[in-house]
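Chains, contacts and geometry: an overview
The residues making up each chain are set out below.
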Amino acid sequence: MSHTTLFPIFDNSVLGIVSAAGKMDELHLYHGSRCNRACAFCCVHGEPQGHHEPFHAEVLQAAVNLVAQKGSLKVYGGEPTLDAENLMWSVSYLREQGFIGAITVFSNGLRPRVLLNLLQSDPDTRVVLNYAIATGTGEKPLPAATLAALQAYHREHPARIFLSHDFAVPVGRQAGVDSDVPQRCYRCYPTLTSTGNFHACPFTVESSLPHYALGGIAETPTVIQERFSQFLCWIEEELEPEARRKGVSSCVTCTAFRTL
């Protein structure tokens, strides 16, 4: 099934990010790996038995302190809609603390009522559906009634529901698979976990390798940004030259590093 019959492909250009001095443009928010699917491509090993920690005020405040007021916050897991109450509360809390930027929720789409309630409650929230599940590409597709409900909302409210990229990143369950991903690192913005830790790469958030650790919410935003800048420099100066030398992707190389 072609994505053109479903929803547009998501990219950051739709978010209207406005940078601010001393702030990051974007941050990912991760609540754990609990999911109602266990997909082969999942970079966080999502599954029904996965772990979950709800977002709490201190973590969300740390996100607000770090990111530009009109920046971007991206919520992912696991499946965010499995804790609908905390998801709705988190969006409301972020708004109460002055964040007026874009909030994007990455979802498998299997709980459409939660997603539609969220979209109706906050005009600057968007939903990005997993490409493989929405289109049935290599995974069990969305039920027809679920897809129809989401498409009906999309027809009435364009630019609120999107599809994710159509490729798998070779980490998590895809670890060691050097697929047709770009040779270079994606250079995503970091992740703040619901347990209060900053992690340099959203795709490897379940990895405990030390080069991903940026610190906890007790650190100042300046420290987190400095450490992330050091991580990006390491990518340029060491990681990608090593990936080129080995003839494999940056993702495969990065997840094999033991020291920074």
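Residues numbered from 1 in each chain as written. Predicted model: local features only at pLDDT ≥ 70, side-chain atom pairs only at ≥ 80, totals over all residues. Heavy atoms only, no water.

The next thing to look at is the overall build of the protein chain. The helix and strand tally for the protein chain stands at 7 helices and 8 strands. For the protein chain, whose C-alpha radius of gyration is 18 Å, the value lies close to the compact-globule estimate of 18 Å for 260 residues. By residue count, 50% of the 260 residues in the protein chain fall in the buried class. Partitioning the intrachain contacts of the protein chain with sequence separation of at least 6 by distance along the chain shows that 70% fall at a separation of at least 24. Side-chain charges of the protein chain comprise 20 positive and 25 negative groups, with the mean position of each set lying 4 Å from the other. (Helix = DSSP H or I, 4+ residues; strand = E, 2+ residues; numbered from the N terminus. Rg over C-alpha atoms; globule rule 2.2 N^0.38 Å. Buried < 20%, exposed > 50% of the residue type's maximum accessible area, 1.4 Å probe, protein only. Contact = heavy atoms within 4.5 Å. Lys, Arg positive; Asp, Glu negative; His and termini not counted. Charge placed at Lys NZ, Arg CZ, Asp CG, Glu CD.)

Attention shifts here to the packing of aromatic side chains. Per the counting criterion, the structure on display carries 9 aromatic pairs. Geometrically, the ring pair formed by tyrosine 212 and phenylalanine 231 is tilted, given 6.2 Å between the ring centres and 55° between the ring planes. Separated by 19 residues along the polypeptide, tyrosine 212 in the loop between strand E7 (197–199) and strand E8 (213–216) and phenylalanine 231 in helix H6 (residues 221–246) bring together distant segments of the chain. Per residue, the accessibility class of tyrosine 212 equals that of phenylalanine 231, and both read buried. Put simply, the rings of Tyr189, Tyr212, Phe228, Phe231 and Trp234 pair up and form one aromatic cluster. (Phe/Tyr/Trp six-rings, centres within 6.5 Å; stacked < 30°, edge-to-face > 60°.)

With mixed pairing, 8 strands are arranged side by side in an open sheet as E5-E4-E3-E2-E1-E6-E7-E8. Each end of this open sheet is capped by a strand with a single partner; those strands are strand E5 (161–163) and E8. In this sheet, neighbouring strand axes are inclined to one another by 25° on average, regardless of whether the strands run parallel or antiparallel. Note: strand E3 (residues 102–107) against strand E4 (residues 125–129), 5 bridges, orientation parallel. Bridged to serine 107 within E4 is leucine 129. The sheet strands contacting helix H3 (residues 112–121) are E3, E4 and E5, and the helix crosses E4 at an angle near 150°. (Pairing = 2+ DSSP bridges. Axes fitted to C-alpha atoms, helices over the stretch in contact; angles between N-to-C directions.)

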